[in-house]
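Close look at the chain arrangement
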Amino acid sequence: MRTSLGGVRVGHLVTSGTFSLDGGTWEVDNNVWIIGNEQECLVFDAPHEAGPILEAIGDRRLVAVVCTHAHDDHITAARELTRATGAPAYLHPADRVLWDRVYDTPPERELADGDTLRVGDVDLHVLHTPGHAPGACCFYSPDLEVVFSGDTLFQGGPGATGRSFSDFGTIVASISTRLLTLPPQTRVLTGHGDATTIGAEAPHLQEWLDRGH
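In this text the structure is predicted, and so the values were computed from the model without any measurement.

Definitions and limits used
Residues numbered from 1 in each chain as written. Predicted model: local features only at pLDDT ≥ 70, side-chain atom pairs only at ≥ 80, totals over all residues. Heavy atoms only, no water. Core = buried A, V, L, I, M, F, W, Y, C linked by side-chain atoms within 4.5 Å. Buried < 20%, exposed > 50% of the residue type's maximum accessible area, 1.4 Å probe, protein only. Contact = heavy atoms within 4.5 Å. Disulfide = S-S within 2.5 Å. Pairing = 2+ DSSP bridges. Helix = DSSP H or I, 4+ residues; strand = E, 2+ residues; numbered from the N terminus. Salt bridge = Lys/Arg side-chain N within 4 Å of Asp/Glu carboxyl O. Polar contact = N/O pair within 3.5 Å; in protein donor to acceptor, adjacent residues only side chain to side chain. pLDDT = per-residue confidence, 0-100.

1. Re the nonpolar core
Residues I53, I57 and W99 are the most contacted members of the largest nonpolar core, which totals 28 residues. Excluding residues that lie within four positions of it along the chain, W99 makes contacts with C67, A70, I75, A78, R79, A89, L91, T105, P106 and P107. Counting 22 residues, the second-largest nonpolar core is a separate cluster that includes W33, V63, V126 and V146.

This is the structure in structure tokens:
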């Protein structure tokens, strides 16, 4: 992946734990993406345990804990991170219905479609992409040619829509209008599993529609 002129690059680690919703609990591995330079960074999602994330941050200033959505496996370490670093947590307000199941205090900042986040010399554009969750957001960096997709788009298709607060038609609309319109070389950094590219996924849209998930 690219590094900006100001030294901003993307780091990655995986943490493991559980995801619970609708009365079920599943073992999951989650990606944590850390974008920054030697001085500061942003963290996308805070799953399961804060220790490995804090270790990866090191002595850098944490600008924010940015939540792609508020399923519990993506936010269970968010409060520990904010307390340890003083950084705010960012979340789209439509996902408060999920956040409030985990925490009794609100996130410090609200995300909105069209917002721009900045770390070092790199801008990240906020794309509201509901469907997997009502407040799901993706974050696009033209400079680094990456999009942090959370659980909206994976290698092989859309995120799951079979549980509460999700909808297949909505996620397909989000992907087709907000993500598949990005340059084909854009690297898709997902909430679980392997990365992909917009160009690799775009030809399969009709297949997803035909299978209905």
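Next comes the rest of the write-up.
2. Quick look at the state of the cysteines
Scanning the model with the defined rule gives zero disulfides in all. Of all cysteine sulfurs in the structure, the one in C67 sits closest to C41, which takes part in no disulfide; the separation is 15 Å. Free cysteine: C138, not disulfide-bonded; nearest cysteine sulfur from C137 at 7.6 Å.

3. Quick word on the sheet that holds strand β1 (residues 9-21)
Pairing is mixed across the open sheet formed by six strands, whose spatial order is β1-β2-β3-β4-β5-β6. Two strands lie at the open edges of the sheet, namely β1 and β6 (109-110), each paired on one side alone.

4. Section: the pattern of salt bridges
The final tally for this structure, using the stated rule, is seven salt bridges. Note that E40 is salt-bridged to R61, the shortest N-O span being 2.7 Å. Of this pair, E40 sits in strand β3 (residues 40-44) while R61 sits in strand β4 (residues 61-66), placing them 21 residues apart in sequence. By relative accessible area, E40 is classed as buried at 17%. Take R61: its relative accessible area is 49%, and that puts it in the partly exposed class. Ionic pairing is found between D100 and R96, a salt bridge with its closest N-O pair at 3.0 Å.

5. Notes on unusual backbone geometry
With a phi angle near 55°, D22 is a residue other than glycine that sits in the positive phi range. As for its position among the elements, D22 is in the loop between β1 and β2 (24-36). The residue H48 is not glycine, and still its phi comes out positive at about 70°. Mapped onto the elements, H48 comes out in the loop between β3 and α1 (51-57). Classification of H48 as buried rests on a relative accessible area of 18%.

6. Looking at the pairing of strand β8 (residues 122-128)
Relative to β8, strand β7 (residues 116-119) runs antiparallel, the two sharing four bridges. Along β8, the bridge assignment pairs L117 with L124. Connecting β7 to the next strand, β8, in antiparallel fashion are two residues, including G120 with a positive phi near 55°. Where β8 and strand β9 (residues 137-141) come together, four bridges link them in antiparallel fashion.

7. Side note on the side chain of N30
Its place among the elements puts N30 in strand β2. Look at N30 and you get buried, because its relative accessible area is 0%. A distance of 3.1 Å separates the side chain of N30 from the side chain of D73, its partner in a polar contact. Residue contacts for N30: discarding those within four places in its chain leaves L13, V14, T15, P47, H48, D73, H74, G191 and H192.

8. Some thoughts on the sheet that holds strand β10 (residues 146-150)
Here six strands make up an open sheet; going across it, the order is β7-β8-β9-β10-β13-β14 and the pairing mixed. Taken across any chain shown, the strands that pair with only one partner, and hence form the sheet edges, are β7 and β14 (196-197).

9. Some details on the side chain of S4
Along the chain, S4 turns up in the segment before β1. For S4, a relative accessible area of 13% gives the class buried. Here the side chain of S4 touches D121 through a polar contact of 2.6 Å, side chain to side chain. When residues no more than four places from it in sequence are discounted, the contact partners of S4 are D121, V122 and L144.

10. Overview of the confidence of the model for the protein chain
Confidence in the prediction for the protein chain averages 97 pLDDT; 100% of positions are at 70 or higher. Ranking the elements of the protein chain by mean pLDDT puts helix α7 (residues 205-211) last, at 93, and β9 first, at 99.

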